[in-house]
Amino acid sequence: MANAELIKNIILQMAQEIEGNKEYLTGLDAAIGDNDHGINMNKGFKNAVIKINGLGSQSISEIIKAAGMAMISHVGGSAGPLYGTLFLKAAGAAKDKDEIGLLDFTQMLREGIDGVKARGKSERHEKTMLDVLIPALEALEESAVAGGSAKQAFEKALAAAEEGVLYTKTIVATKGRASYLGERSLGHIDPGAMSSCLLIKAIYDLL
Amino acid sequence: MKKIINMPENVVDEMINGLALAYPQYVERIEGFDVIKRTDKKVGKVALISGGGSGHEPSHAGFVGEGMLDAAVCGAVFTSPTPDQVFEAIKAVQTEEGVLLIIKNYTGDVMNFEMAMEMAEAEGIKCDKVVIADDVAVMNSTWTIGRRGIAGAVLLHKIVGAAAESGKSLEEVKAIAEKVIANVRTMGIALTPCIVPEAGKPSFTLEDDEMEVGLGIHGEPGVSRMKIMPADEIIETLLDKVLADNPLAQGDEAVVLVNGLGGTPLMELFIANRKVNEMLTSKGVKIYNTIVGEFMTSIEMAGLSVSILKLDGELKALFSAKADTPAYKAFG
């Protein structure tokens, strides 16, 4: 599915995707959070790009780890530790691999998601990024069993992610700052769910 | 947006430099980091570190000094500082007695400080944490992440600072912090939203005759929206909820903190305090001390919060002990 070169380009694409949607993400956050998600994610990915470009020739694991460290050091808020953990755990699962297949990627994403759950003490259905990441992972796992190309698998994963984004509109937040709003969080898309969906879209676009 | 700033992305950096230049007798910046620490590193005591997003000035860096904090970590506006920044603060002020992190209960703050604590423990630094959640506007249940930490943190810094300064152990200081957390409650209202410099526009809008009730200190919307009321009715609304949660009986002693959110004049805070005083006094509560002013702000938001801390003998003595910091002084 991907070598180090492609993984690097995917992260650069993610950075572009986040930058292009910076104001949109911040706007989503203004409605139910604290008005800074796009700003902070953009800061994190800008730094990830600088870090990765400065790496020279590196392994898949090192590239993803550098992105994770940039998230932790530059995003702040809750998105920093959560995305940082997602990338670091994924990097750990990709250790010693020069080329990853779809099955490897599902393993990386699964470990990343487990890390996010532990760090955020959260589960699916709480109006968070997990409502996008978990359905996307499930779609990838199904595709990995059924066979087919990575592109096809990510097409399904992206569809599941987009559905997950819309699902967050229909539920009340019980984690994160939006949870303070109680019922008032209904009808709004979770900004973290949306940023996760953008990252999956970036992968799909480059495959 | 109309603000006295330069580039929006530089506000925190420039603010920290300006603060350090204003109070060199108290604090200095750790070069290359967004951390303010005491100029005179105090050994032989538990080190206290607080922090959070910027935009709450004078919190938290304004409370670095004798009898309060050893360091404050300044995140981006309304954004928790990152673990590497908190870790740097821990390394700079740690003592053999240990380090206590004072965290306000926000998902991001808790995660970032916990990650920093894990980094410190990995290097053999004795480190513990307390989390303050004093905002009664947010219902605490197993379904939410719990209450927010807001202005009550100022009273926590004061009392825990005195406990640490007196040479108590990390365990003792932590126990005192937990006691303050159990006895302080806060609730606030806002008349206007505020503008995060990098966002450039307000996070919510309010009509001229509306107020947001039960909001936090990050420009996030509150739990409900009401028509604006006279000051006395606003205070009744707030205090009824605060006292319902932490009842005060006749003869109890308390500290009152009437805190401005950044855009409300002292005149209005004093008017509010008059009513707080009347309500507590009529219940036979003895007001040991009243603090009125801006301590935990939300940039230029108009509004206020009222915090009530129930005292016992130990907390009273610690509250009265000497503190000498840029933004809070007690003469002991």
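Draft legend 1. How the structure looks around the overall build of chain B. Regarding its fold elements, chain B presents eight helices and 14 strands. For chain B, the C-alpha radius of gyration of 19 Å lies close to 20 Å, the compact-globule estimate for 332 residues. If one aligns the C-alpha atoms of chain B with their principal axes, the spans along those axes are about 55 × 50 × 40 Å. When contacts within chain B are restricted to residue pairs at least 6 apart in sequence, those whose partners lie at least 24 apart make up 71%.

Draft legend 2. Just the interface of chain B and chain A, in detail. The interface of chain B with chain A comprises 30 residues on the first partner and 27 residues on the second. The set of elements that each furnish at least two residues to the side of chain B that touches chain A consists of β4 (71-77), α2 (83-93) and α3 (107-122) of chain B. For the side of chain B that touches chain A, the element with the highest residue contribution is α3 of chain B, accounting for five residues. Of the residues belonging to the side of chain B that touches chain A, the class tally is 14 nonpolar, 12 polar and four charged.

Draft legend 3. Inspection of the nonpolar core at higher detail. Ranked by internal contacts, the top residues of the largest apolar core, which has 116 residues, are I49, I102, L156, I159, V160 and V180 of chain B. Broken down by element, this core gets its largest block of residues, nine residues, from helix α4 (residues 152-165) of chain B. If you count residues domain by domain, this core takes at least three from each of domain 1 (10-183) and domain 2 (186-320) of chain B. Ignoring sequence-local partners within four residues, the contact set of I159 of chain B consists of I176, V180, L315, L318 and F319 of chain B. Ranked by size, the runner-up nonpolar core spans 66 residues in total, among them M71, L88, V132 and C197 of chain A.

Draft legend 4. Region of interest: the domain arrangement of chain B. Residue and element names in this part refer to chain B. Along its sequence, chain B is carved into domain 1 (10-183) and domain 2 (186-320). Computed over C-alpha atoms only, the centres of domain 1 and domain 2 are separated by 22 Å. Each side of the interface is counted separately: domain 1 has 29 residues, and domain 2 has 32 residues. Taken together, the elements giving at least two residues each to the side of domain 1 that touches domain 2 come down to α4 and α5 (170-183). The element contributing the most residues to the side of domain 1 that touches domain 2 is α4, with eight residues. Of the residues that constitute the side of domain 1 that touches domain 2, the class distribution is 17 nonpolar, six polar and six charged.

The rules behind each value
- Throughout, residues of each chain are indexed from 1 in the direction in which the sequence is written.
- All chains are assigned letters beginning at A, and all ligands numbers beginning at 1, according to the order in which they are written.
- Totals for whole chains, interfaces and linings use every residue, but because this is a predicted model, local features are given only for residues with pLDDT of at least 70 and side-chain atom pairs only at 80 or more, for both listing and counting.
- The helix and strand labels rest on DSSP assignments: H or I over at least four residues marks a helix, E over at least two residues marks a strand, and numbering proceeds from the N terminus.
- For a compact globule the rule gives 2.2 Å times the number of residues to the power 0.38, and the radius of gyration it is set against comes from C-alpha atoms.
- Note on contacts: residues are paired as contacts if their backbone-placed C-beta atoms lie within 7 Å.
- Classification convention: Asp, Glu, Lys, Arg as charged; Ala, Val, Leu, Ile, Met, Phe, Trp, Tyr, Cys, Pro as nonpolar; all other residues, Gly among them, as polar.
- The nonpolar core criterion groups buried Ala, Val, Leu, Ile, Met, Phe, Trp, Tyr and Cys residues into a set whenever they are joined through C-beta atoms within 7 Å.
- Whether a residue is buried, exposed or partly exposed follows from its count of other C-beta atoms within 10 Å of its own C-beta, namely 20 or more, 12 or fewer, or something in between, respectively; the C-beta atoms are built from the backbone.
- Per the annotation, domain bounds derive from an automatic or database assignment of domains.

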